[in-house]
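Per-entry structural report
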Amino acid sequence: MCTAEATASLLQVEENFSACLARIDALILKPLLQAEPSDQKGKENFKLLLLLNDRFQALWNLTEENYRILKQKCSTSESFCIQDIYIVWKGDLFLSLYIQYFVTFANYVVVHGFEHATKSKSEAWKHHKTVLKQFLTDFTSETSMSLALYTVLHKPIRDHIEQYILLLTKLKEVLKEGTEKDVVTTAIKEYVKLESFISQVLDEACFTKSLWKSLGYKFTDMLCVPERRLLEDSKNLPISASTNRSDRILLFDDVLVLIQGNSFQSFDLKLVWLDENCREKSAPGMYVLRIITPEETFFLSAKDPQMKAVWQWKLNQAVRQALNGKRDFPLWGKTGEGTEPPSCRFFTYVFRLEGKFKSASYEGEWRWGKPHGKGTLKWRDGRNHVGDFKEGLEHGFGICLVPRRSEDRYDCYKCHWYEGKMRGYGICEYGNDMVYKGYFKDNVRQGFGILENLSAEHPFKYTGQWENDKKNGYGVWEDKDRGERYIGTWLDDHKHGQGIVVTQSGVCYQRTFHADKMVGSGILLLEDDSVYEGNFTEDLTFVGKGKLSFANGFILEGTFTNKSGQGLQTHGILNTSNEQLDDRITKAQLGLEEFPVEKRWKGIYDQFLEFIHSGCKEETEESFTGFHIQTSKELRKSQEYLFCQRGTEDVSWKIEDILEELVQHQGLESLQSYLEKALKSSLHPLGKLLKALMIAFQATYSGIGANRHLLTMAQEEVKYYAKKIWEFYQGLLHLALEQKGQLPAKCVDGDTSDQKACSVVLPLILPCFYPELFMLYMLYHEREDDLYCQGIVDLSLFPDIKLLEFLDVQKHLWPLKDLTLTTNQRRSLIKDKCFLSATECLQKLITTVDPREKLVILQKTYEEIESTVSRVVEKDYKLPMDDLLPLLMYVVSRAKIQHLGAEIHLIRDLMDPTNEGGLYDFLLTALESCYEHIQRMRLHQRENCQVPHSS
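Residues numbered from 1 in each chain as written. Predicted model: local features only at pLDDT ≥ 70, side-chain atom pairs only at ≥ 80, totals over all residues. Heavy atoms only, no water.

Here we take up the overall build of the chain. Within the chain one finds 27 helices and 27 strands. The buried share of the chain, taken over its 951 residues, is 50%. Taking contacts inside the chain between residues at least 6 apart in sequence as the whole, the part at least 24 apart equals 52%. Approximately 46500 Å² of the chain is accessible, and the part contributed by carbon and sulfur atoms is 51%. (Helix = DSSP H or I, 4+ residues; strand = E, 2+ residues; numbered from the N terminus. Buried < 20%, exposed > 50% of the residue type's maximum accessible area, 1.4 Å probe, protein only. Contact = heavy atoms within 4.5 Å. Areas by Shrake-Rupley, 256 points an atom, 1.4 Å probe, with all protein chains shown as cover.)

This part is about the environment of Ala926. As for its placement among the helices and strands, Ala926 is situated in helix 27 (residues 919–950). A sequence separation of 38 residues divides Ala926 from Leu888, and the C-alpha atoms of the two residues are 7.9 Å apart.

For the rest of this paragraph, the subject is the sheet that holds strand 1 (residues 230–233). With respect to topology, four strands assemble into an open sheet ordered 1-3-4-5, the strand pairing being antiparallel. At either end of the open sheet lies a strand with only one pairing partner, and these are strand 1 and strand 5 (263–268). Strand-to-strand twist of the sheet, defined as the mean angle between neighbouring strand axes without regard to direction, takes the value 20°. Note that strand 1 and strand 3 (residues 248–252) share three bridges and pair antiparallel. For Asp233, the partnering residue across the bridge sits in strand 3 and is Leu250. (Pairing = 2+ DSSP bridges. Axes fitted to C-alpha atoms, helices over the stretch in contact; angles between N-to-C directions.)

The next thing to look at is the sheet that holds strand 6 (residues 273–275). Where strands meet in a sheet, backbone hydrogen bonds hold them as pairs that are either parallel or antiparallel. One open sheet accounts for four strands, arranged 2-8-7-6; its pairing is antiparallel. Looking at the sheet topology across the chains shown, the edges are occupied by strand 2 (240–241) and strand 6. For strand 7 (residues 287–292) and strand 8 (residues 297–302), the ladder comprises six bridges, and the chain directions are antiparallel. Within strand 8, the position partnered with Leu289 by the bridge is Leu300. Along the sheet, helix 11 (residues 305–324) makes contact with strand 6, strand 7 and strand 8, crossing strand 7 at roughly 20°.

Now for unusual backbone geometry. Positive phi, normally seen in glycine, also occurs at Ser359, with a value near 70°. Of note in the backbone geometry, Asp433 takes a positive phi value of approximately 75° without being a glycine. For Asp433, the position within the fold is in the loop between strand 15 (421–429) and strand 16 (434–441).

What follows is about the state of the cysteines. Under the criterion given, the structure shown has zero disulfides. Here Cys400 stays free of any disulfide, with the sulfur of Cys412 as its closest cysteine sulfur at 8.2 Å. (Disulfide = S-S within 2.5 Å.)

Let us look at the nonpolar core. Core analysis: the biggest nonpolar cluster contains 79 residues, and Ile500, Trp601, Ile604, Leu675, Ile725, Ile765 and Leu773 have the highest contact counts within it. With 16 residues, helix 19 (residues 711–739) is the largest single contributor of residues to this core. Look past the residues within four positions of Ile604 in its chain and what remains in contact with it is Phe448, Leu689, Ala692, Leu693 and Ala696. Leu52, Tyr150, Leu175 and Ile198 belong to the second-largest nonpolar core, a separate cluster that totals 74 residues. (Core = buried A, V, L, I, M, F, W, Y, C linked by side-chain atoms within 4.5 Å.)

Let's shift gears to helix 4 (residues 91–110). In this model, helix 4 (20 residues) spans 28 Å end to end at C-alpha, consistent with the 28 Å of a helix rising 1.5 Å per residue. With 14 of its 20 residues buried, helix 4 lies for the most part within the structure. Phi turns positive one or two residues past the end of helix 4, at His112, with a value near 60°. (Expected span 1.5 Å × (residues − 1).)

Glancing now at the pattern of salt bridges. The final tally for this structure, using the stated rule, is 40 salt bridges. Among the salt bridges present, the one from Arg320 reaches Asp328, with a minimum N-O distance of 2.6 Å. On the basis of relative accessible area, Arg320 is assigned to the buried category, the value being 11%. Residue class for Asp328 comes out buried when judged on its relative accessible area of 11%. Salt bridges here are not isolated pairs; linked through shared partners, they connect Glu204, Asp253 and Arg327. (Salt bridge = Lys/Arg side-chain N within 4 Å of Asp/Glu carboxyl O.)

We now examine the packing of aromatic side chains. The tally for this structure, following the rule as stated, stands at 51 aromatic pairs. Measuring from centroid to centroid gives 4.5 Å for Phe460 and Trp477, while their planes differ by 15°, and the two rings are stacked. A residue pair is termed long-range when its members are at least 10 positions apart, and Phe460 in strand 18 (residues 460–467) and Trp477 in strand 19 (residues 470–479) qualify at 17 residues. Among the residues examined, Phe460 registers a relative accessible area of 10% and is labelled buried. Of the aromatic side chains, those joined through ring pairs into one cluster are Tyr413, Tyr430, Tyr436, Phe440, Phe460, Tyr462, Trp466, Trp477, Tyr486, Trp490 and Phe513. The positively charged end of Lys471 is found above the aromatic ring belonging to Tyr462, 5.6 Å away from the centroid. (Phe/Tyr/Trp six-rings, centres within 6.5 Å; stacked < 30°, edge-to-face > 60°. Lys NZ or Arg CZ within 6 Å of the ring centre and 35° of its normal.)

Okay, the pairing of strand 20 (residues 484–491) next. The side chains of a regular strand alternate between the sheet's two faces. Counted residue by residue, strand 20 has six buried out of eight residues, so it is predominantly covered. In this sheet, strand 20 lies alongside strand 19 in antiparallel orientation, the contact comprising seven bridges. Considered in strand 20, the bridge of Gly475 is made with Gly488. Hairpin connection between strand 19 and strand 20: a loop of four residues separates the two successive antiparallel strands, and Gly483 in this loop has a positive phi of roughly 65°. Bridging between strand 20 and strand 21 (residues 494–503) involves seven bridges; their strand directions are antiparallel. Residue Arg485 lies in a different strand from strand 21, and its bridge partner there is Val502. Counting the residues in the hairpin turn of strand 20 and strand 21 gives two residues, including Asp492, whose phi is positive at 50°.

To continue, consider the side chain of Arg485. Relative to the helices and strands, Arg485 resides in strand 20. Relative accessible area serves as the criterion here: at 3%, Arg485 is assigned to the buried category. For Arg485, the side chain forms a polar contact with the main-chain oxygen of Ala699, separated by 3.2 Å. A polar side-chain atom of Arg485 sits 2.8 Å from the main-chain carbonyl oxygen of Thr700. (Polar contact = N/O pair within 3.5 Å; in protein donor to acceptor, adjacent residues only side chain to side chain.)

Quick look at the side chain of Ser681 now. For Ser681, the location among the structural elements is in the loop between helix 17 (668–680) and helix 18 (685–701). Look at Ser681 and you get buried, because its relative accessible area is 10%. From its side chain, Ser681 meets the backbone nitrogen of His684 in a polar contact 3.4 Å long.

Now for the packing of helix 16 (residues 655–664) against helix 17. It is the contact of helix 16 with helix 17, at a shortest axis distance of 10 Å, that shows an interaxial angle of 155°. Taken together, helix 16 and helix 17 sit at an angle that is classed as roughly antiparallel. Of the residues in helix 17, those in contact with Ile658, Glu661, Leu662 and Gln664 of helix 16 are Ser670, Tyr674 and Lys677. Tallied by class, residues from the contact of helix 16 with helix 17 come to three nonpolar, two polar and two charged. (Parallel < 35°, antiparallel > 145°, perpendicular 65-115°, else oblique. Nonpolar A, V, L, I, M, F, W, Y, C, P; charged D, E, K, R; others polar.)

Residues Met881, Leu919 and Phe922 make up a contiguous nonpolar surface patch of about 230 Å² in total accessible area. As for its placement among the helices and strands, Leu919 is situated in helix 27. (Patch = residues over 30% accessible without salt bridge, like charges linked within 9 Å, V, L, I, M, F, W, Y side chains within 5 Å.)

Moving on, we come to the packing of helix 17 against helix 19. Here helix 17 crosses helix 19 at 105°, and the two axes come no closer than 13 Å. The angle between helix 17 and helix 19 places the two elements in the roughly perpendicular class. Packed against helix 17, whose contacting residues are Leu671, Leu675 and Leu679, the element helix 19 presents Ile725, Trp726 and Tyr729 at the interface. Looking at the contact of helix 17 with helix 19, its residues break down into six nonpolar, no polar and no charged.

With that out of the way, let us pick up helix 23 (residues 836–843). Among all positions of helix 23, only Ala838, Thr839, Cys841 and Leu842 are buried. Take helix 23 and look down its axis: the buried residues cluster within an arc of 160°, on one side only. Against helix 24 (851–873) and helix 25 (881–895) lie the buried residues of helix 23. (Arc of directions from axis to C-beta.)

Another point: the environment of Lys73. For Lys73, the location among the structural elements is in helix 2 (residues 40–76). Lys73 sits 66 residues away from Thr7 along the chain, and the two C-alpha atoms are 9.2 Å apart.

The subject of this paragraph is the confidence of the model for the chain. On average, residues of the chain carry a pLDDT of 85, and 87% of them reach 70 or more. Across residues 639–652, where pLDDT falls below 50, the model places 17 contacts with residues more than four positions away in sequence or in other chains. In the predicted structure, residues 946–951 sits below a pLDDT of 50 and forms zero contacts with residues beyond four places in sequence or in another chain. (pLDDT = per-residue confidence, 0-100.)

Written out as structure tokens, the structure is:
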């Protein structure tokens, strides 16, 4: 058969088939559609009949279209090719329409559609019955009207597909090897599959229809759905469920049903997992399959391995097809063999049984019957949880909304979870305008955290330790209404133990507290430099025995009372022998013994230590070290960073790369460069630790906390930060080397951990704390700096020559050549020209925060002075101390550096201990001598002015 003959044969086949479809339409479908039923069941079946008619019309239209195209081609052309055979090159369209028709036809069969239709009582149907019977005898010998209708509406169409296959097979036999033959071969395979599919669809429909007949109305009403198909029945292929929980097991294409007496349980196949390798002990001679569902696990037992294998295969294929949302084509062909459904799935389920998820709807990822992966839980009471799950419990990062009963508001927890409970870092935005940012454990606040009330009525902020959901341990409380800050210890949400209170007005006191009440005596440091030691009330009124030291040095010691309307009264002794107040009192440093530095902020260090001890697992990094995140937006970004594909710029901060890189940067220069980058990064664990420490430091010493009596506390805290960061670096390095099977190198230069922290880490972290720390230094040295500044103002009035002479600089060292004159200018009046390069160099002291760099600037200033002197005397000149001090004092007076005392003491306190006794130490001592000398000059001037006045 050539292509032309095949085309002619196909034309004849399509013509005959079209005529057959026309007769079926006229004599069966149209009369059936005219007999619309009035009962509910009949109406539901009638909708299916309407849909079946639509599918029939689509088939008929396709056949007509194919017939017209072929006829036109035959009348206009004598040459034909494969593309002219519509059923080949439009095969997908043909297959699709035939599949749709037979699936709808099978749905109609399942619900006994033909039986209901033939029982119609409409007049039109009664009149048509005689004609219809005559027509049906041409197709089938069935005497039952319903069976005859069933046959007529599928047999001619199935026969037509066989004709397609026969025609294409003959065409294939005459075609030569090549593309056309391959196309025809593929088309034949698809039509053969279609034939198999139709046969299986009709078999399943009849099998299911028989089931609905055998079951009682109760089961049928609840289980019978037109699209549902019975795949296996334990009555046909015996298998039983564990613990005698069912009389009959039915496997449908969408659910597994266990029937027990008059009740049944159904399990959605999308949430059924089959474990054929279960180790459950079974009765002798029984072969077991474990069925896992979201809330129940049970076993199916077969008496021989073949039965188990069939049920196992059918269950697996049914689950897989249910998950795909469509049946295989054909239904049980080779395409389904050997493929198991995935263990990880995405689905929605409402929990029914008792438990923490009862009545909650879960939408998300599942694994072996449990929420696993990302998902959303919603309860009827308004609770919501969106996040990560592991083996049925919240695990990883999640956002939980909890409605407040008395208000139309929610508490929002954005937190890390561990085995169903909050654990690790999180942010909770409460419905009452409070926000907590900190660590949780077992669903309560535990460890370091910040609680802030953002409402306008009572704004406050607590930064510190929590235990069992309450403020416990060391913490800082800022009461924005009262304008004061409490720094001290807490017990069960109350100030308890030693505490320091700093007020906005500058008053500062230290007391012992018991359940928020002050007890015992304390020390009260007033803003006018007066100091009171004794008992006092909350409104700072002196009561009982006490000692008041005034700023002028007088001391009043006795008993204080404060009677209504009479003001403060005292009985005691006033000592006026002291000329001035002792610095040890006016500059008293609080909190050093009461709050040892190693016991402050333990909650921050504990989290990082636990992270290292856990092996620095990437999935736990944000849980342990997340405190660098302070807003919900940052928290979301952080999670996106953890779970997204990262760009090359971020690769070095993945934890495995961090550990790898640590090993490569152990040399001093390389290490300093690496640590500088790490500490600046919010993605590196050390950078995260630094950010958390900055938050704690600012909460204590910024704003209201800027009080000179806290300087030593702050200074030793910064040094301790450096020590802890160095320890954590060592911990990370030790872990990195351990993972490589190496041992950490022994320290060969003799430096202790404290020395390394001070020399390597402290200069790197100091800029982060410098604003608050330097403010404390300025306040502490305020009086000295005021005297110094007044002295500088006095010295700035001198021209250069007069100042050099006043400071006793030897004349042969004066750089007179630098005093360039202009017209009408006298040398004796020129200012700010001598030692200009050294002056400009010293002025750079305030441009850096690093004590090392400040010392280098001081050294360069010394070198500039020496260079200028060498130029003047025209030979290399090493300045002795007697010459250096006057020259340095000249440069200091011309540099006019504000807060020089604060600068000097910050350098002295925070410089590398290895510089002690060296050149840097010598130069710093020289600068300090100049500073003190300028103060004394001003004091002498003030005294000289006061003596004549007093006399």
